[in-house]
Amino acid sequence: MLDDLPPDLGRLFALRTWHAMWLQRIDDKIAALQQREAERERGRQVRPAEPEWFVELGIGDGRPPTEVHVGGCYAAGKRRRPVGRDEARRLLASGVRACSHCQPDTALDILDLPTRPALSAAAH
């Protein structure tokens, strides 16, 4: 039998203390990671559902709506508010631009949208 441990009690107790210290550090790290994962899971469970539609808002007085998006659209900016299906349809019908990435007009089965007049070169 291979016996590579020290022959005296002093060194054996030192090794035991050192290993116990490392086991405690490992157990503490495991507990911290389990707690973090449990908190992450609780966060996923209580997170409000993504709205089905939302409108991106402009800058300035009154923050006018600038673009309608399908919920979860990656191309939307930070300034937004959720809207219902009917309001999304109303906004699109009133001339608010539809996002070209998520195409809410197609998702809402809107065939003809009013087009905004293009900015003329003289306006710049």
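Up top is the structure these notes are about.
Residues numbered from 1 in each chain as written. Predicted model: local features only at pLDDT ≥ 70, side-chain atom pairs only at ≥ 80, totals over all residues. Heavy atoms only, no water.

**Q** It is not clear to me how the sheet that holds strand β2 (residues 65–70) should be interpreted in this structure. Could you clarify?
**A** To summarise the sheet geometry, strands pair through backbone hydrogen bonds and adopt either a parallel or an antiparallel arrangement. The strand order β3-β1-β2-β4 describes an open sheet built from four strands, whose pairing is mixed. Two strands in the sheet have a free side with no partner beyond their single neighbour: β3 (80–83) and β4 (97–98). As paired strands, strand β1 (residues 53–57) and β3 are joined by four bridges and run antiparallel to one another. Paired with Val55 across the strands is Arg81, a residue of β3. Its contacts with the sheet place helix α2 (residues 85–93) against β1, β2, β3 and β4, and it is angled at close to 115 degrees to β3. (Pairing = 2+ DSSP bridges. Helix = DSSP H or I, 4+ residues; strand = E, 2+ residues; numbered from the N terminus. Contact = heavy atoms within 4.5 Å. Axes fitted to C-alpha atoms, helices over the stretch in contact; angles between N-to-C directions.)

**Q** How should the packing of aromatic side chains be read in this particular structure?
**A** One pair of aromatic rings is described through two measures. These are the centre distance and the angle between the planes. In total, this model carries one aromatic pair according to the counting rule given. Sitting over the ring of Trp22, Arg25 keeps its end group 4.4 Å from the ring centre. (Phe/Tyr/Trp six-rings, centres within 6.5 Å; stacked < 30°, edge-to-face > 60°. Lys NZ or Arg CZ within 6 Å of the ring centre and 35° of its normal.)

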